[in-house]
Amino acid sequence: MDIDISPLARAIERLEEGVAVYQRDTSQTLIRDGLVQRFEFTYEISHKLLRRYLAANPGPPELISGMNFADIIRLGNEQGLLLGDWRRWKTFRDMRARTSHSYDEAVALEVVAGIPAFLDEARVLRDRLRARLAP
């Protein structure tokens, strides 16, 4: 199976780096805004990589490609790839949707507050995929 998880690993590292910098000075709006963007791309990579993995195993790709996001998360959870269930991932999906429609400082603060929980999920996905894809 030719699935490269290094983009997810790098995205997680960048998000962790952003969290660490922001926690030192939460008044830095530029850092906070960058942190929100890092969340967005880490989230996108996470669910795309999950879908790609599931299409290859257990497959078949046609079935997986037709699944909606909730079903992908449920299947990922059933396969033991995720820490949380659909409700938890729906929270992250809602966070992502809220950041893409318009900039609102209150929304940005809510998203930043949710990033540590998302990081837990993304790390588990990375680690479990790494273990399953190891030669």
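Above this text is the structure in question.
As the structure is a prediction and not an experimental result, all values here were calculated from the model.

Parameters at a glance
- Per chain, residues are indexed from 1 in the order of the written sequence.
- pLDDT decides what is reported in this predicted model: residues at 70 or higher carry local features, side-chain atom pairs at 80 or more are listed and counted, and totals for whole chains, interfaces and linings draw on all residues regardless.
- Heavy atoms throughout the structure, all of them, feed into the side-chain values; hydrogens and water do not.
- What is meant by a nonpolar core is a set of buried Ala, Val, Leu, Ile, Met, Phe, Trp, Tyr and Cys residues, joined one to another through side-chain atoms within 4.5 Å.
- Exposure is judged per residue with a 1.4 Å probe applied to protein chains only, and the accessible area is read against the type maximum: over 50% gives exposed, under 20% gives buried, and values in between give partly exposed.
- Runs of E in the DSSP output that reach at least two residues are strands. Runs of H or I that reach at least four are helices, and both are numbered from the N terminus.
- When a carboxyl oxygen of Asp or Glu lies within 4 Å of a side-chain nitrogen of Lys or Arg, that pair is called a salt bridge.
- The span one expects for a helix is its residue count, reduced by one, times 1.5 Å.
- We call two residues in contact when some of their heavy atoms are within 4.5 Å.
- Here the aromatic set is Phe, Tyr and Trp, taking the six-membered ring for Trp, and pairing holds for ring centres within 6.5 Å; pairs whose planes are under 30 degrees apart are stacked, those over 60 apart are edge-to-face, and all others are tilted.
- Orientation is described by axes fitted as lines to C-alpha atoms, over the contacting stretch for helices, and by angles from 0 to 180 degrees between their N-to-C directions.
- An angle below 35 degrees is read as roughly parallel, one above 145 as roughly antiparallel, one from 65 to 115 as roughly perpendicular, and any other as oblique.
- Crossings are assigned a handedness: left-handed for a near helix turned anticlockwise from the far helix by less than a right angle, right-handed for a clockwise turn.
- All residues other than Ala, Val, Leu, Ile, Met, Phe, Trp, Tyr, Cys, Pro, Asp, Glu, Lys and Arg, Gly among them, are scored as polar; the first ten of these are nonpolar and the last four charged.

(A) Structural view of the nonpolar core. In terms of nonpolar packing, the biggest core is built from 36 residues, with F39, L50, L54, L81, W89, I115 and F118 touching the most fellow members. Within the residue set of this core, elements represented by two or more residues are α1 (6–24), α2 (29–56), α4 (69–78), α5 (86–101) and α6 (105–133). Broken down by element, this core gets its largest block of residues, 10 residues, from α6.

(B) Layout of the pattern of salt bridges. A complete count under the given rule lists 15 salt bridges for this structure. Its salt-bridge partner being E17, residue R38 comes within 2.8 Å of it at the nearest N-O pair. Of this pair, R38 sits in helix α2 while E17 is found in helix α1, placing the two residues 21 residues apart along the sequence. Its relative accessible area of 17% is what places R38 among the buried residues. Note that D120 and R123 form a salt bridge whose closest N and O atoms lie 3.3 Å from each other. Note that D120 and R123 are positioned in helix α6 at a spacing of 3 residues, about one turn of the helix. By relative accessible area, R123 is classed as partly exposed at 26%. One continuous salt-bridge network, built from bridges that share partners, spans R14, E17 and R38.

(C) Structural detail: the environment of A56. Among the secondary structure elements, A56 is positioned in helix α2. With 53 residues separating them along the chain, A56 and I3 place their C-alpha atoms 8.9 Å apart.

(D) Focus on α1. Between its first and last C-alpha, α1 extends 27 Å over 19 residues, near the 27 Å set by a 1.5 Å rise per residue. Among the structural elements, α2 and α6 are those in contact with the buried residues of α1.

(E) A look at the packing of aromatic side chains. A full pass over the atoms with the stated rule returns 8 aromatic pairs. Arranged with centres 5.2 Å apart and planes meeting at 85 degrees, the rings of F39 and F118 form a pair that is edge-to-face. Taken as a pair, F39 in helix α2 and F118 in helix α6 lie far apart in primary sequence, 79 residues in all. Per residue, the accessibility class of F39 equals that of F118, and both read buried. Ring geometry for F69 against W86: centres 5.7 Å apart, planes inclined by 65 degrees, an arrangement best described as edge-to-face. Linking F69 in helix α4 with W86 in helix α5, this pair joins segments that are 17 residues apart in sequence. In this structure an aromatic cluster arises from ring pairing among F39, Y43, F69, W86, W89, F92 and F118.

(F) Examining α4 more closely. Looking at α4, one finds that the buried residues are F69, A70, I72, I73, L75 and G76. G80 occupies a position one or two residues after α4 and carries a positive phi of about 75 degrees.

(G) The arrangement of the packing of α2 against α4 in detail. Between α2 and α4, whose axes approach to 10 Å, the crossing angle comes to 70 degrees. With respect to each other, α2 and α4 are oriented roughly perpendicular. Once α2 is placed against α4, the crossing between them reads as left-handed. Two secondary-structure elements touch here, α2 through Y43, H47, L50, R51 and L54 and α4 through F69, I72, I73, L75 and G76. By residue class, the composition of the contact of α2 with α4 is 7 nonpolar, 2 polar and 1 charged.

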